[in-house]
Each structure stands twice: as structure tokens, then as C-alpha cells.
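# Descriptive analysis of the structure
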Amino acid sequence: MGNITIKHVRAFVLRGGGADYHDQADGHWIDDHISTPMSKYPEYRQSRRSFGINVLGTLVVEIEASDGTVGFAVTTGGEPAAYIVEKHLARFLEGARVTDIEKIWDQMYQSTLYYGRKGLVINTISGVDLALWDLLGKIRQEPVHQLLGGAVRDELQFYATGARPDLAQKMGFIGGKMPLHHGPSEGEEGLRKNLEELATMRERVGPDFWLMLDCWMSLDLNYATKLAIGAHEYGLKWIEEALSPDDYWGYAALRNNVPKGMLVTTGEHEATRWGFRMLLEMGCCDIIQPDVGWCGGMTELVKISALADAHNTLVVPHGSSVYSYHFVATRHNSPFAEFLMMAPKADEVVPMFHPQLLGEPVPVNGRMRLSVLDKPGFGVDLNPDCQLHRPYNR
Ligand SMILES: C[C@H](O)[C@H](O)CC(=O)C(=O)O
Ligand SMILES: [Mg+2]
């Protein structure tokens, strides 16, 4: 094993759903008048695709070892990410040992610092890192959760994100997180509509089912505070990503402002241990939500999670399908996981990264047995029916 090296790195682009889960067709709940930082421009209010939310597409990273084993991963990043992998990052992998994950991560991060640190570059590094974990698992014939130190639970439980928490409840999930539909630019009327939607959902699901609101970076502190206070009456469990990810000070203030018992969550657009250190040390939130495909990959998520543990903060990763399931199974401070409802009407459970992965597990009755994850690597294959495009073939 110590002698197996990395022979070749390849980066592809894929369109249509999957890891770039906002890349959906018309009529999908995920693109139906959701409040965003662009909602202040009326022409970009109805659809997130109108301002380009799906412009990047999916990045697929494939890493082939000297023994012929191939590991792969998908994340968001598309063609610019493929460029970075092929033209810049591949040099740190090809010829290295497949076990050199820490060193490769450090080289990818340090060598891109002058143009990286967050966003696209860290998405790209995350994709490469996840492919390395998949490769190592496949070579060792062990699931990634075992490489991470082993599972601490036999079963994962999930809340669902989508437009229909009432249906998610019937499907066995422990809670439902809804997108916020109206932002500050829609004034008092929008605020009233937001609260009415929450009230209707609370009536449908009864008093105990968790209800959360995902605000996708779209509010200001005053609006978020008013929303949280209004939503308290309807038992809102948490208010998510209410502010810009750069506004650490706003989050710290919001956490003071929300009614007692309501949680403030954020972090899906934060990256690396340094970004999360800001959130944790400034007391910005009760739950951090790193996306393992965006925050720096598994190698970085393990560090972020240890930091969170030392701050008594839960880590409930954003989306990211199998990549987060293998992680959540191994951490005491990750007691449950997110499942993004990718059915257009949020009325059935379909694999989160459909159609890109084969063998992608889904929760059944809101739960997933650990045994489902007991396959080498992340336990999934690329769907050969998906059209891979390699824009920067070296
Ligand atoms: C529903 C949200 O706007 C977003 O598309 C997904 C998300 O932020 C989450 O799952 O969390
Ligand atoms: Mg979110």
C-alpha cells in the first residue's frame, strides 16, 4: 500500500442536477421565488437561475492509482474548477503516495492562497480531497467512515429540506426546513407572508415536529430579528443562514436577539478551519453547517469538527449526500444529518445527487442504517449514462 502512487488526475464537467443541485429544470421548488441576496433586484427575484445560481455545474474529479484503482468525487465548480484541477493542483498529486492526503491538502491550499482561500478554489480542493478519500477506501477495501476512526452510531437520522415539511413528516423525517420566500425588499407584506407560511405548516405538522427556515444569506439584522421574534410563536427551531457569510458581527448580534431557545445556524458557505474559527470564537451560531464538498473536503471537515467540539457546538453538515453521511456516522457532535429533497415537488425521496451517482443511498423512514454505507470508499459509482466532458485534457 505504501508503494501505491497516484498515476493520473482527470477533471470533468457534468450538467443537470447532481452535485450542482440548483441546476434543475423549470417548476422545481428549489427555484420558486426563494429569498436571496439578489432579491432586491425585482428582475432576479422569481428564479435563482435567472442570476446564474447554476452557472458552474458539477465538477467530477477522478484519481487513478498505479495499481489501476480509480477514486472519484463530485462537487460544484464546473469548468473553472476543472481548469484549476488540471492546470494547477494535479502536479501535487501525480507521483505522490495515495496515503499522502495531509501533505497534498496543504500543498493545494498553500499554493492557491494568493487567489483562493474560499469559494470556488476551496470547492475544487474539496472535490480533489474527497476523491483521494474515495481512492484510499477503495484501495484498502474499507468505507470512508472506517478510515475516519469508525462509526459512533448504527443509524443516521435525518431532517428534510424542501417546500413540504408536512410531507417530510409523513416520510419519517425528524424535521423540515423550508426555504424563506420573501426578503426585506418585499417589505411588511413579505414578512407577513413568510410568517403565514410558517403558521400554515405548523398547523399541518402539529406542535412537536421541527420546523426551520433557510434564509440563504438574504436578510439584514433587523429583518432577521423581526422574523425570528414573529416565528417564535410557531415554534421555529432554527433560523438558518440569515445574513451574509461575511457578517460575523451580524450573526453574533442575531444570536443575542433571537428568542430564548431558538437556534441560529450557518456555515454552508464558510470554508476551512480559519473561517469556522471566526464563527466559533465570535459566538455566531449554535450549529455549524459546513458542506464537505465546499469547506475544504473531508480532511478539513475533521479539523473544523474538532474545533466545534471544543466550543460545544454541533456540526450538522449541509447536504452533500454520501460525503457527509460517512462523516456524520463518526462524530458525537453530529447527532443528525440533512437530506435535501430533490423531487421537484418535494413529495418523494429521491437520491440527492441524482442522476450522477449509482448506488447512492437514501433515508428510509427518515433513517439510514450504517450497514448501507459499508462499501469501499464512499460506496458509490459514477453513472455511466451521464455525459462527462473533459475541457482541459492535458
Ligand atoms: C433551500 C436553500 O435555499 C438552498 O437551496 C439549500 C440550502 O441552503 C440547505 O439545504 O441548507
Ligand atoms: Mg441552508
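All of these numbers come straight from a predicted model, not from anything done at the bench. (Residues numbered from 1 in each chain as written. Chains lettered and ligands numbered in written order. Predicted model: local features only at pLDDT ≥ 70, side-chain atom pairs only at ≥ 80, totals over all residues. Heavy atoms only, no water.)

### Thoughts on the nonpolar core
Counting 120 residues, the largest nonpolar core has Ile63, Leu227, Ile239 and Tyr323 as the members making the most contacts within it. With near-sequence residues (within four places) excluded, Ile63 lies in contact with Ile6, His8, Val9, Thr69, Val70, Gly71, Leu93, Val128, Ala131, Leu132 and Leu135. Counting residues in each nonpolar core, the second largest holds 7 residues, with Tyr159, Trp238, Val316 and Phe336 among its members. (Core = buried A, V, L, I, M, F, W, Y, C linked by side-chain atoms within 4.5 Å. Buried < 20%, exposed > 50% of the residue type's maximum accessible area, 1.4 Å probe, protein only. Contact = heavy atoms within 4.5 Å.)

### Some thoughts on helix α8 (residues 248-257)
Within α8, burial applies to Tyr248, Gly250, Tyr251 and Leu254. Buried residues in α8, looked at end-on, bunch into an arc of 155°, giving them a common side. Exposed residues on α8 whose side chains face more than 90 degrees from its buried face are Trp249 and Asn256. On its buried face, α8 is in contact with α7 (221-232), β8 (263-266) and α9 (272-281). (Helix = DSSP H or I, 4+ residues; strand = E, 2+ residues; numbered from the N terminus. Arc of directions from axis to C-beta.)

### A word on the coordination of the magnesium ion (ligand 2)
Every protein donor of the magnesium ion (ligand 2) is listed here as Asp214 (OD), Glu240 (OE) and Glu268 (OE), and their distances to the metal cover 2.0 to 2.1 Å. Sequence positions of the residues that donate to the magnesium ion (ligand 2) give the spacing D-x25-E-x27-E. Taken together, the positions of Asp214 in strand β6 (residues 210-214) and Glu268 in the loop between β8 and α9 put the pair 54 residues apart, joining distant regions of the chain. Asp214 sits in the buried class, given a relative accessible area of 12%. Judged by its relative accessible area of 2%, Glu268 is buried. (Donors = N, O, S within 2.8 Å, 3.2 Å for Na, K, Ca; no water.)

### Focus on the pattern of salt bridges
Any two side chains of opposite charge can pair, on the condition that their charged atoms come close. Throughout the structure, instances matching the rule amount to 25 salt bridges. A salt bridge links Glu270 to Lys118; the nearest nitrogen and oxygen atoms lie 2.7 Å apart. Of the two residues, Glu270 sits in the loop between β8 and α9 while Lys118 sits in the loop between α2 (101-112) and α3 (119-140), which places them 152 residues apart along the sequence. Note on Glu270: relative accessible area 4%, which makes it buried. The salt bridge involving Glu240 is made with Lys177; its shortest N-O contact spans 2.8 Å. Of this pair, Glu240 sits in strand β7 (residues 236-240) while Lys177 sits in strand β5 (residues 175-179), placing them 63 residues apart in sequence. (Salt bridge = Lys/Arg side-chain N within 4 Å of Asp/Glu carboxyl O.)

### Section: empty space enclosed by the protein
Under the definition given, this model contains 5 cavities of 30 Å³ or more. Contributing to the lining of the largest cavity are 15 residues, with His22, Arg48, Thr161, Asp214 and Trp216 lying nearest its centre. Of all the secondary-structure elements, those providing two or more residues to the lining of the largest cavity are β5 and β11 (337-340). For the lining of the largest cavity, the class distribution of residues is 7 nonpolar, 3 polar and 5 charged. (1 Å grid on protein atoms, 1.4 Å probe; cavity = no way out; pocket = protein on both sides within 12 Å on 5 of 7 lines; lining within 4 Å. Points joined across faces, edges and corners; volume = space filled by probe spheres on them. Nonpolar A, V, L, I, M, F, W, Y, C, P; charged D, E, K, R; others polar.)

### Comments concerning the packing of α2 against α3
It is the contact of α2 with α3, at a shortest axis distance of 11 Å, that shows an interaxial angle of 165°. Put simply, α2 runs roughly antiparallel to α3. In the crossing of α2 with α3, the sense of the turn from one axis to the other is right-handed. Contacts between α2 and α3 involve Ile101, Ile104, Trp105, Met108, Tyr109 and Thr112 from the first element and Val121, Ile122, Ile125, Val128, Asp129, Leu132, Trp133 and Leu136 from the second. (Axes fitted to C-alpha atoms, helices over the stretch in contact; angles between N-to-C directions. Parallel < 35°, antiparallel > 145°, perpendicular 65-115°, else oblique. Left-handed = near helix turned anticlockwise from the far one by under 90°.)

### Some details on the site of ligand 1
Near ligand 1 lie 14 residues; those nearest to it are His22, Lys177, Asp214, Glu268 and Glu338. A distance of 2.8 Å separates an oxygen atom of ligand 1 from a polar atom in the side chain of Arg48. In this structure, an oxygen atom belonging to ligand 1 sits 2.7 Å away from a side-chain N or O atom of Lys177. Burial of ligand 1 by the protein chains amounts to 100% of its free accessible area of 310 Å². Comparing atom positions with the cavity grids shows ligand 1 to sit within the largest cavity. (Near = heavy atom within 4 Å. Polar contact = N/O pair within 3.5 Å; in protein donor to acceptor, adjacent residues only side chain to side chain. Areas by Shrake-Rupley, 256 points an atom, 1.4 Å probe, with all protein chains shown as cover. Sits in = over half its atoms within 2 Å of the grid points.)

### Section: the layout of surface pockets
Put simply, the largest pocket is a space of about 520 Å³. As for the largest pocket, its lining consists of 21 residues, of which Asn123, Trp216, Met217, His269 and Trp294 are closest to the centre. Sort the elements by how many residues they give to the lining of the largest pocket and α3 lands first, with 3 residues. Looking at the lining of the largest pocket residue by residue, the classes come out as 11 nonpolar, 6 polar and 4 charged. The residue makeup of the lining of the largest pocket includes at least three contributed by each of domain 1 (5-20 + 56-141) and domain 2 (147-375). (Domains from an automatic or database assignment.)

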